[in-house]
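Inside the fold
So you can see what is in the structure, the chains are spelled out below.
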Amino acid sequence: MKALVCVKRVIDYNVKIRVKSDKTGVETDNVKMSMNPFDEIAVEEAVRLKENGLVSEIVILSIGQDSSQETIRTGLAMGADRGILVKVDDILLEPLGVGKIIKEVCEKENPEMIIMGKQAIDDDCNQTGQIVATLTNYPQATFASELKKNEDGTLNVTREVDGGLETIKVKIPCVVTTDLRLNEPRYASLPNIMKAKQKKIETIESKDLNLDISPRLEVLEVNDPPERKAGIKVPDVSNLVEKLKNEAKVI
Amino acid sequence: MKSLVIIEHDGKNIKQTSLSTITAAEQISKDVEVLVLGSNISGVLENLKKTDIISKVNYCDEDFLKHQIAENLSEVIISFLKDKEFTHILLPSSTFGKNLGPKIATILDVQQISDIIEIFDHETFARPIYAGNAISKVKSKDSLKVITVRPTCFEPCAQNSNVSDEKFEVSSNQSKSVEFVTYDQSESDRPELTSAKIVISGGRGMQNGENFKLLEGIADKLGAAMGASRAAVDAGFVPNDWQVGQTGKIVAPDLYIAVGISGAIQHIAGIKDSKFIACINKDEEAPIFNFSDYGLVGDLFEILPKLENELN
Ligand SMILES: Cc1cc2nc3c(=O)[nH]c(=O)nc-3n(C[C@H](O)[C@H](O)[C@H](O)COP(=O)(O)OP(=O)(O)OC[C@H]3O[C@@H](n4cnc5c(N)ncnc54)[C@H](O)[C@@H]3O)c2cc1C
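Calculation rules
- Residues numbered from 1 in each chain as written.
- Chains lettered and ligands numbered in written order.
- Predicted model: local features only at pLDDT ≥ 70, side-chain atom pairs only at ≥ 80, totals over all residues.
- Heavy atoms only, no water.
- Helix = DSSP H or I, 4+ residues; strand = E, 2+ residues; numbered from the N terminus.
- Buried < 20%, exposed > 50% of the residue type's maximum accessible area, 1.4 Å probe, protein only.
- Contact = heavy atoms within 4.5 Å.
- Areas by Shrake-Rupley, 256 points an atom, 1.4 Å probe, with all protein chains shown as cover.
- Near = heavy atom within 4 Å.
- Polar contact = N/O pair within 3.5 Å; in protein donor to acceptor, adjacent residues only side chain to side chain.
- Buried area = accessible area lost by both parts, 1.4 Å probe.
- Salt bridge = Lys/Arg side-chain N within 4 Å of Asp/Glu carboxyl O.
- Nonpolar A, V, L, I, M, F, W, Y, C, P; charged D, E, K, R; others polar.
- Pairing = 2+ DSSP bridges.
- Axes fitted to C-alpha atoms, helices over the stretch in contact; angles between N-to-C directions.
- Phe/Tyr/Trp six-rings, centres within 6.5 Å; stacked < 30°, edge-to-face > 60°.
- Lys NZ or Arg CZ within 6 Å of the ring centre and 35° of its normal.
- Domains from an automatic or database assignment.
- Parallel < 35°, antiparallel > 145°, perpendicular 65-115°, else oblique.
- Left-handed = near helix turned anticlockwise from the far one by under 90°.
- pLDDT = per-residue confidence, 0-100.

Next up on the list: the overall build of chain A. Helix and strand counts for chain A come out as six helices and 13 strands. For chain A, the C-alpha atoms occupy an extent of roughly 65 × 45 × 40 Å along the three principal directions. Residues classed as buried in chain A amount to 55% of the 251 residues present. Pairs at least 24 apart in sequence give 68% of the contacts found in chain A among residues at least 6 apart. Accessible surface, chain A: about 11400 Å² in total, of which carbon and sulfur atoms supply 47%.

Inspection of the region around the ligand gives 30 residues, with Arg204, Ser229, Gln243, Ser262 and Asn281 of chain B positioned closest. At the site occupied by the ligand, nearby residues are drawn from chains A and B. At 2.6 Å, a side-chain N or O of Gln243 of chain B approaches an oxygen atom of the ligand. At 3.0 Å from an oxygen atom of the ligand is found a main-chain nitrogen or oxygen belonging to Gly260 of chain B.

The next subject is the interface of chain A and chain B. Accessible area lost when the parts come together is the quantity often used to give the size of an interface. At the interface, 77 residues of chain A touch 83 residues of chain B. Where chain A abuts chain B, roughly 6800 Å² becomes buried across the two surfaces, and 55% of that area is made up of carbon and sulfur atoms. Counting the surface chain A buries against chain B, the share from its top three residues, Asp162, Arg216 and Arg228 of chain A, is 12%. Taken together, the connections running from chain A to chain B amount to five salt bridges. Put simply, Lys100 of chain A and Asp109 of chain B hold a salt bridge, and the shortest N to O gap is 3.1 Å. Counting every contact that joins chain A to chain B gives 48 residue pairs in polar contact (both at pLDDT 80 or more). Those elements giving two or more residues to the side of chain A that touches chain B turn out to be helix H3 (95–109), helix H4 (128–136), strand S7 (140–149), strand S8 (155–161), strand S9 (164–170), strand S12 (217–223), strand S13 (232–233) and helix H6 (237–247) of chain A. Taken together, the residues of the side of chain A that touches chain B sort by class into 39 nonpolar, 15 polar and 23 charged. As paired strands, S12 of chain A and strand S8 (residues 134–140) of chain B are joined by six bridges and run antiparallel to one another. The partner of Leu217 of chain A across the bridge, within S8 of chain B, is Ser140 of chain B.

Strand order in the open sheet formed by six strands is S13(A)-S16(B)-S15(B)-S14(B)-S12(B)-S13(B), with parallel pairing between adjacent strands. Either end of the sheet is taken by a strand with one partner, and the two such strands are S13 of chain A together with strand S13 (225–228) of chain B. Relative to S13 of chain B, strand S12 (residues 198–202) of chain B runs parallel, the two sharing four bridges. Looking across to S13 of chain B, one finds that Gly202 of chain B is bridged to Ala228 of chain B. This element, H6 of chain A, spans S13 of chain A together with strand S14 (255–259), strand S15 (276–281) and strand S16 (294–297) of chain B of the sheet and lies at about 170 degrees to S16 of chain B. Relative to the sheet, helix H8 (residues 300–310) of chain B contacts S14, S15 and S16 of chain B, its axis offset from that of S15 of chain B by approximately 130 degrees.

Moving on: the packing of aromatic side chains. According to the stated counting rule, one finds five aromatic pairs over all chains in the structure shown. Taking the centre distance of 6.2 Å and the plane angle of 65 degrees together, the rings of Phe212 of chain B and Trp242 of chain B count as edge-to-face. Linking Phe212 of chain B in the loop between S12 and helix H5 (213–222) with Trp242 of chain B in the loop between helix H6 (230–234) and S14, this pair joins segments that are 30 residues apart in sequence. Both residues of the pair, Phe212 of chain B and Trp242 of chain B, belong to the buried class. One aromatic cluster in this structure is built from Phe80, Phe86 and Phe168 of chain B. Looking at Lys233 of chain A, its charged tip hangs above the ring of Phe289 of chain B, at a distance of 4.7 Å from the centre. Positioned above the aromatic ring of Phe120 of chain B is the side chain of Lys137 of chain B, whose terminal nitrogen or guanidinium carbon lies 4.4 Å from the ring centre.

On to the domain arrangement of chain B. Residues and elements named next belong to chain B. Examined at the domain level, chain B breaks down into domain 1 (3–167) and domain 2 (198–310). Centre-to-centre separation of domain 1 and domain 2, based on C-alpha positions: 31 Å. Opposite the seven residues of domain 1 that make contact, domain 2 presents eight residues. Across the domain 1 to domain 2 interface the summed buried area is about 590 Å²; carbon plus sulfur atoms make up 50%.

So, about the pairing of S9 of chain A. In terms of burial, S9 of chain A is largely enclosed, as five of its seven residues are buried. Here S8 of chain A pairs with S9 of chain A via seven bridges, running antiparallel. Bridge pairing in S9 of chain A places Arg159 of chain A opposite Glu166 of chain A. The turn linking S8 of chain A back onto S9 of chain A is made up of two residues. Pairing of S9 of chain A with strand S11 (residues 178–185) of chain B, which is carried by seven bridges, proceeds in the antiparallel orientation. Across the sheet, residue Leu165 of chain A finds its bridge partner in S11 of chain B, namely Asp184 of chain B.

Tallied over the full model, the rule gives 37 salt bridges over all chains. Between Asp234 of chain B and Arg230 of chain B there is a salt bridge, with the nearest N and O atoms lying 2.8 Å from each other. Taken together, the residues Asp234 of chain B and Arg230 of chain B, both in helix H6 and four residues apart, mark about one turn of the helix. Looking at Asp234 of chain B, the relative accessible area reads 39%, which means it is partly exposed. We classify Arg230 of chain B as partly exposed; its relative accessible area is 39%. Connected through salt bridges with shared partners, the residues Lys100, Asp212 and Arg216 of chain A together with Asp109 and Asp142 of chain B form a single ionic network.

Another point: the packing of helix H3 (residues 70–81) of chain B against helix H4 (residues 95–107) of chain B. All names here are of chain B. Contact pair H3 / H4: the axes reach a minimum separation of 9 Å and the direction vectors enclose 45 degrees. It follows that H3 is oblique to H4 by the angle criterion. As H3 runs across H4, the sense of the crossing is right-handed. On H4, the residues that touch Ala70, Glu71, Leu73, Ser74, Ile77 and Ile78 of H3 are Phe96, Asn99, Leu100, Lys103, Ile104 and Ile107. Taken together, the residues of the contact of H3 with H4 sort by class into eight nonpolar, two polar and two charged.

This next bit is on the confidence of the model for chain B. With 100% of its residues at a pLDDT of 70 or more, chain B shows a mean pLDDT of 97. The complex prediction reports pTM at 0.96, with the ipTM value standing at 0.96.

The next point concerns the packing of H3 of chain A against H4 of chain A. Residues and elements named next belong to chain A. At a closest axis distance of 9 Å, the pairing of H3 and H4 adopts a crossing angle of 50 degrees. Taken as axis vectors, H3 and H4 run oblique relative to one another. Considering the relative orientation of H3 and H4, their crossing is right-handed. Between H3 and H4, the residues in contact are Pro95, Leu96, Val98, Gly99, Lys100, Ile102, Lys103 and Cys106 and Thr128, Ile131, Val132, Leu135 and Thr136, respectively. Residue classes in the contact of H3 with H4 are distributed as eight nonpolar, three polar and two charged.

Take a look at the structure:
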């Protein structure tokens, strides 16, 4: 089984976000960038499946600028085999456009499993996996917390849903989006980071794909969220209860 | 303009998230219909028909819709939409809506607008990005708009009406590539996390699952729902669906009590619309204090029993 893992380069989750003063977006200059944490989980899962002999080849796909090569290398260092970078000039790429590009790549690569994070921690859209599943007409198993291969080649996927855990059975090829509990991604070892430098990354220009990936949304402005002011420290439990009862009136 | 709200339910009852989504739909256009899909949903229908604002309940009651598989639901929704003139399709941004919305949008070749928190006009919306550390105001150029709505930002609409319903017939076109296996539902007598008036959550500071009993007593007294930080869920103290935060559940109760939780941005993202936040933490420098109306510095193992007592 061949796995295609889609990864996005985002502002590192530890960075404090700063909105630009001209309200056009958030500061990205000199800001630490990393692989979207949910995509790291997707890479890890593919690598584990390969270690267990269920996956034969892992291809990492990222859509972005040249800088996304670095993100792909991270995946290669974790154990993936090769990479594909689809280069776009338009940084305002939206999930639908990304989905169309991924579908194009699928047509060429024919993966049996497409796996990616359930959401990117920058735009928090939670859409791309579902879009790819719809465009390819493959079943979708979103928010996965466990994957099991069945004898007949189908996959049982346990999904984290609001009311508990749901398990569905999907035929392959399929699209899986990862949730936090699926696994804990490994750190790449130094030898593997060195080895990853030799692995191949193919570059495709998005304009050569002839797709309509123009944005459908116009960002009018980006603002700071309303601030929440720190309140007071209370000296003891009785004081806390008194305040909640008589000041906040919430209990 | 005319909106269609896709109803989330549990087979017996509609979810509060649906009522909030209807409120949001009304802010776009006064003309709102709903569509509910399921199997043996007479209970759901009965409840739904009481809902204010909406002019009509459309429903599809078929065996193959029982398990809310996105492939099956989206097929039916698309055939329902044929020859109809809806301009907006709205779903709650729960796991139900997040799973289904992008499928509908993609089939219609439109870009879904995810998790809106404010409506300016029929094409302009605010939505949080970067875990709510920035708010993006976007204008959609698509002629038909598919939107998911953050339920905590819109009051659930009232249910004092009597609305007519209409059945929508489909020929079963069940997906052959996906099948329901099991649903392991979290059992709880407590209110639902996302709609409770009071939520009490524990973090890594609780040390183990057993210690969550210390929170239970308090939750019982307050009629509160229980939640947790990611660290507590990852460590296996409590079930996955208790996770509050950017990538878990968004809550906005009247009172949120954070116990042994440091206040990472991803956690804050899920609680900052709460009316009041109280916290208990032994580290007075913990970021959670910067977001709390009432902070109590101290060891939770000493404080919680006292708090339970004090509530008597
Ligand atoms: C992609 C991604 C998504 C994430 N999504 C979420 C999310 O949705 N929700 C979420 O919560 N997190 C999320 N996180 C994780 C987040 O970054 C933090 O790691 C997590 O919230 C920390 O949980 P915590 O506060 O329980 O643990 P810690 O940060 O370890 O804090 C424990 C706190 O307990 C206090 N404490 C310890 N013992 C006691 C005691 N005896 N008495 C009183 N206080 C005590 C300590 O002082 C400390 O402040 C996400 C992270 C990533 C990378």
